[in-house]
Structures are given as structure tokens and as C-alpha cells.
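What follows is the residue order along each chain.
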Amino acid sequence: MKAGRILSGMRPTGKLHLGHLLGVLKNWVELQNSYECFFEIADWHALTTHYRETEEVKDNVFNMICDWLAVGIDPNKAVIFRQSDITEHAELFLLFSMFVPLPWLERNPTYKEQLREMEGRDLFTYGFLGYPVLQAADILIYRADTVPVGEDQLPHLELTREIARRFNYFYSPIFPEPQAKLSDVPELVGTDGRKMSKSYGNTIPLDTEEEELKKIVRGMVTDPARIRRNDPGHPEVCAVFAYHKIFNKDETEEIAKACRRAEIGCVECKMKLSEKLNSFLTPIREKRKIYFNDKKTTWDILFEGNKKAREEARKTMDIVREAMGLKIKW
Ligand code: TRP
Ligand code: SF4
């Protein structure tokens with residue numbers, strides 16, 4: 001017996017990096033063993049912000065499938081599908097739009113924050129305001145009860161529950177109220193010590209080759225108090241050390257001590273990290289290449305996933321149309 005049904009998704013807006021892997025994907029790989037999982041490539045959601053860059057979206061979708069498969073999402077355990085292939089999502093989104101009060105959307109903190117963050121893009125669009133309504137349709141169309149997401153998505157989940165409740169109250173109680181499942185790993189910092197984000201250019205993409213990896217690690221921010229080799233360091237403020245704690249657990253203590261006593265230089269410390277990161281990323285990179293080069297197999301995996309997702313979505317829409325009085329028995 002499965003513990004429940006999961007729906008989660010990611011927007012295909014660019015390369016996946018270590019932050020996605022540790023913060024989200026590792027969790028998914030675990031969950032696919034105990035839950036019935038639907039993992040969505042939310043390409044319509046990508047369009048809400050990137051509606052001028054449509055030519056990139058399909059490549060990003062393909063790359064995202066490769067990344068997911070490379071890190072261990074298993075199409076025999078989980079359903080991998082693309083949002084725009086399941087057009088039923090759009091129908092449910094439209095029906096929800098009829099009864100979702102505008103203030104629910106306007107007060108959404110994630111919406112307000114994104115408007116601020118993405119300055120330079122015109123996001124005063126109908127689609128962007130409706131982003132969480134589409135997300136609610138994504139989740140509820142599979143009648144998922146569990147949604148693994150990051151903390152930034154909690155307002156969207158709350159809104160999803162409010163939409164489910166309103167639907168259930170107005171028409172017929174058919175939707176569960178899905179719960180968020182936060183991952184318990186602390187966020188991985190970027191290479192400059194700030195939050196890891198593509199817009200800061202401080203990420204480590206999953207397909208980084210060895211030489212490039214060395215370069216990135218060489219450029220990582222260390223303890224600013226260590227100016228000379230014999231200045232004692234403070235590992236707790238150093239981004240390199242934060243990575244050692246995750247990718248080089250066995251030597252963490254030793255490195256912390258050596259750093260505090262100025263017995264290890266930052267150059268050497270970074271070299272050690274490069275090696276560890278490289279052995280971590282090599283199998284992922286290799287597996288990724290196989291999927292990337294075998295385009296047919298990889299697209300086929302999506303095709304098959306789409307079929308399974310569509311079947312579930314259709315079942316729900318049938319019930320929804322009935323509940324909203326739209327169904328005619330011909
Ligand atoms: N909004 C999510 C994000 O930016 C992506 C997403 C789209 C999603 N649809 C979803 C997440 C449904 C969970 C469930 O990360
Ligand atoms: Fe950071 Fe390592 Fe340098 Fe210490 S020795 S400051 S942990 S890079």
C-alpha cells in the first residue's frame with residue numbers, strides 16, 4: 001500500500017543545479033518508493049514569466065527530463081509528465097477562475113515577492129496573477145494529498161486548500177485538502193555564500209564538467225578574515241566549508257580544526273572539495289549524457305508518463321463537470 005498520492009512540479013526555466021538536487025530531487029527520489037508520485041514539468045508556469053522566450057522552453061523541458069532521470073527519478077515508479085500535454089489542467093484552471101476571489105491572488109506573498117524579484121519583466125499579466133490557480137489545478141486534478149515543495153511555495157499550497165474547500169462547499173466534496181511536505185535538509189548556499197539562485201550566477205549546474213567544476217570551486221567565497229595563509233579561519237562563515245559538511249562528511253572535523261589553526265590553506269581546502277564534488281557529480285553527468293544522446297528513449301519516457309497522467313486528469317474532469325452541472329448524458 002502506498003502512503004498517499006504526491007504531485008509536485010518544477011518550472012523548466014534553465015539548468016538544474018545542486019540546490020535543486022539536494023533541496024528537492026533527492027526528496028522525490030526517496031518519496032517515489034513509498035508514495036504514488038506524479039512529477040510535472042510545469043512548462044505553462046514557465047511561460048507565465050518567460051512568455052517572450054518561448055523558443056527556449058522545449059529545450060529546457062528536454063534537459064529537465066534528462067536531469068530528473070540522471071539523479072534517479074524512475075519512470076517505473078513515478079509518472080513524469082509535461083503540463084502542456086495534459087490540456088485538462090487548463091480546463092480546471094478556467095473553472096477555478098470563475099470562483100477564485102481576486103483578493104486571494106493579490107495578497108499572495110509569493111506573488112508580491114516575485115513581482116519585486118523579477119523586475120525588468122512585465123509581469124502585470126493575467127496569467128502571472130493566476131499562477132497559483134493553475135498550480136492548484138495541477139495538484140487537485142490528480143487529487144493529490146501530499147505536495148513536496150520548498151518553503152516559498154507554502155502560500156500557494158494554502159491557496160490550493162482554499163480553492164479545494166470552496167469547490168467542495170459550492171459543488172460537491174471531491175477534492176482532498178493537500179498538505180505540503182517540506183524537505184528537512186537545510187538550503188545549500190551558493191558559491192558566494194548567498195542563497196543559491198540562477199539569477200545570482202552562484203550555482204553549480206548538474207552537468208558541470210570536471211575542469212569547469214574546479215574553476216567554480218576556485219572562485220568560491222571563503223572566510224574574508226583569512227587574508228594570509230597563516231591567518232586563522234572561521235569555517236562556519238565559509239561557503240567552501242558548508243559544502244565540505246555535505247560532500248566530504250568524513251573530513252569535516254579535521255578541516256574545521258585545520259582551518260581554525262591555519263594548518264590548511266584555502267587553495268588546498270578547495271582542491272579537496274573539487275575532488276569530492278567531482279566524484280559526486282560524475283555518475284550523474286554520465287547518466288545524463290546517455291539520456292541526452294538517446295533523444296528518442298527520453299522523449300518516449302515523457303510520452304508514456306503523459307498517457308498515465310492524462311488518464312487520471314480525465315477521470316477527475318469527468319467528476320468535476322458533473323459536479324458543476326456541465327455534463328450532458330448524450
Ligand atoms: N510553482 C512551483 C515552483 O515554482 C512549480 C509548480 C508548478 C508546482 N506546479 C506545481 C509545485 C504543482 C508543486 C505542485 O517551484
Ligand atoms: Fe574555508 Fe577551507 Fe579556507 Fe577554512 S581553509 S576558510 S574552510 S576554504
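K.L.:
Quick question: what am I supposed to make of the environment of L47 here?
P.N.:
With respect to the secondary-structure elements, L47 resides in helix α2 (residues 43–49). Put simply, L47 and C66 are 19 residues apart on the chain and 20 Å apart in space, counted from C-alpha to C-alpha. The contact partners of L47, leaving out residues within four places of it in the chain, are T54 and V57.

K.L.:
How do you make sense of the site of ligand 2 when you look at a structure like this?
P.N.:
T222, D223, R226, C238, V240, F241, C259, C266 and C269 make up every residue found near ligand 2. Of the residues assigned to the shell around ligand 2, the class counts are six nonpolar, one polar and two charged.

K.L.:
How do you make sense of the nonpolar core when you look at a structure like this?
P.N.:
One recurring pattern in soluble globular proteins is that nonpolar side chains are buried together. Ranked by size, the top nonpolar core spans 50 residues in total, and within it L18, W68, Y243 and L277 carry the most contacts. Ranked by residue count, the leading element in this core is helix α3 (residues 54–71), at eight residues. Of the residues that make up this core, three or more belong to each of domain 1 (5–188 + 295–323) and domain 2 (207–288). Apart from residues no more than four positions distant in its own chain, L18 is found in contact with L188, M196, I204, L206, Y243, F247, L277, F280 and L281. Counting residues in hydrophobic clusters, the runner-up holds 39 residues, among them V100, L123, V133 and I139.

K.L.:
What's the story with the site of ligand 1 in this structure? I'm lost.
P.N.:
In the neighbourhood of ligand 1, 14 residues make up the surrounding shell, with E40, Y131, Q135, D138 and Q153 lying closest. The contact in question runs from a nitrogen atom of ligand 1 to an N or O atom on the side chain of Q135, over 2.9 Å. The protein chains hide 88% of the 360 Å² of surface that ligand 1 would expose on its own. For the shell around ligand 1, the element with the most residues is helix α8 (residues 131–140), which contributes four residues. Classifying every residue of the shell around ligand 1 by side-chain character gives six nonpolar, five polar and three charged.

K.L.:
What should I look at first to understand the environment of L7 in this one?
P.N.:
The topology assignment puts L7 in strand β1 (residues 5–10). A sequence separation of 306 residues divides L7 from A313, and the C-alpha atoms of the two residues are 12 Å apart.

K.L.:
Teacher, can you tell me more about the pairing of strand β4 (residues 146–149) here?
P.N.:
Burial along β4 is two-sided: the face carrying T146 and P148 and the face carrying V147 and V149 are both buried. At this point the chain moves from β4, through helix α9 (residues 154–170), to the parallel strand β5 (residues 179–182), and the crossover so formed is right-handed.

K.L.:
Any chance you could explain a negative patch on the surface here in plain terms?
P.N.:
Together, E113, E117, E151 and D152 give the surface a local cluster of negative charge. On the basis of relative accessible area, D152 is assigned to the partly exposed category, the value being 48%.

K.L.:
What exactly am I supposed to notice about the domain arrangement of the protein here?
P.N.:
By a widespread convention, an interface's size corresponds to the accessible area lost as its parts come together. Along its sequence, the protein is organised into domain 1 (5–188 + 295–323) and domain 2 (207–288). With centres defined by C-alpha atoms, the gap from domain 1 to domain 2 works out at 35 Å. In this assembly, 12 residues from domain 1 lie in contact with 10 residues from domain 2. Taken over both partners, the interface formed by domain 1 and domain 2 buries close to 940 Å², and the fraction arising from carbon and sulfur atoms is 68%. Considering only the side of domain 1, the residues that lose the most area to domain 2 are L18, A70 and L188, jointly responsible for 47% of the buried surface there.

K.L.:
For this particular structure, what's the right way to read the packing of helix α11 (residues 239–247) against helix α12 (residues 252–260)?
P.N.:
At a minimum axis distance of 9 Å, the contact between α11 and α12 shows a crossing angle of 160 degrees. Taken together, the axes of α11 and α12 lie roughly antiparallel to each other. For the pair α11 and α12, the contacting residues are F241, H244 and K245 in the first and T252, I255 and A256 in the second. Split into classes, the residues belonging to the contact of α11 with α12 amount to three nonpolar, two polar and one charged.

K.L.:
Explain unusual backbone geometry here, please?
P.N.:
Trans is the common state for peptide bonds, and a negative phi is the common state for residues other than glycine. With phi around 45 degrees, R143 is a residue other than glycine that occupies positive phi space. Assignment of secondary structure puts R143 in the loop between α8 and β4. One non-glycine residue, A262, lies in positive phi territory at about 60 degrees. Inspection of the secondary structure puts A262 in the loop between α12 and α13 (266–293).

Criteria and cut-off values
Residues numbered from 1 in each chain as written. Chains lettered and ligands numbered in written order. Predicted model: local features only at pLDDT ≥ 70, side-chain atom pairs only at ≥ 80, totals over all residues. Heavy atoms only, no water. Helix = DSSP H or I, 4+ residues; strand = E, 2+ residues; numbered from the N terminus. Contact = heavy atoms within 4.5 Å. Near = heavy atom within 4 Å. Nonpolar A, V, L, I, M, F, W, Y, C, P; charged D, E, K, R; others polar. Core = buried A, V, L, I, M, F, W, Y, C linked by side-chain atoms within 4.5 Å. Buried < 20%, exposed > 50% of the residue type's maximum accessible area, 1.4 Å probe, protein only. Domains from an automatic or database assignment. Polar contact = N/O pair within 3.5 Å; in protein donor to acceptor, adjacent residues only side chain to side chain. Areas by Shrake-Rupley, 256 points an atom, 1.4 Å probe, with all protein chains shown as cover. Right-handed = clockwise from strand over helix to strand, strands pointing away. Patch = residues over 30% accessible without salt bridge, like charges linked within 9 Å, V, L, I, M, F, W, Y side chains within 5 Å. Salt bridge = Lys/Arg side-chain N within 4 Å of Asp/Glu carboxyl O. Lys, Arg positive; Asp, Glu negative; His and termini not counted. Charge placed at Lys NZ, Arg CZ, Asp CG, Glu CD. Buried area = accessible area lost by both parts, 1.4 Å probe. Axes fitted to C-alpha atoms, helices over the stretch in contact; angles between N-to-C directions. Parallel < 35°, antiparallel > 145°, perpendicular 65-115°, else oblique.

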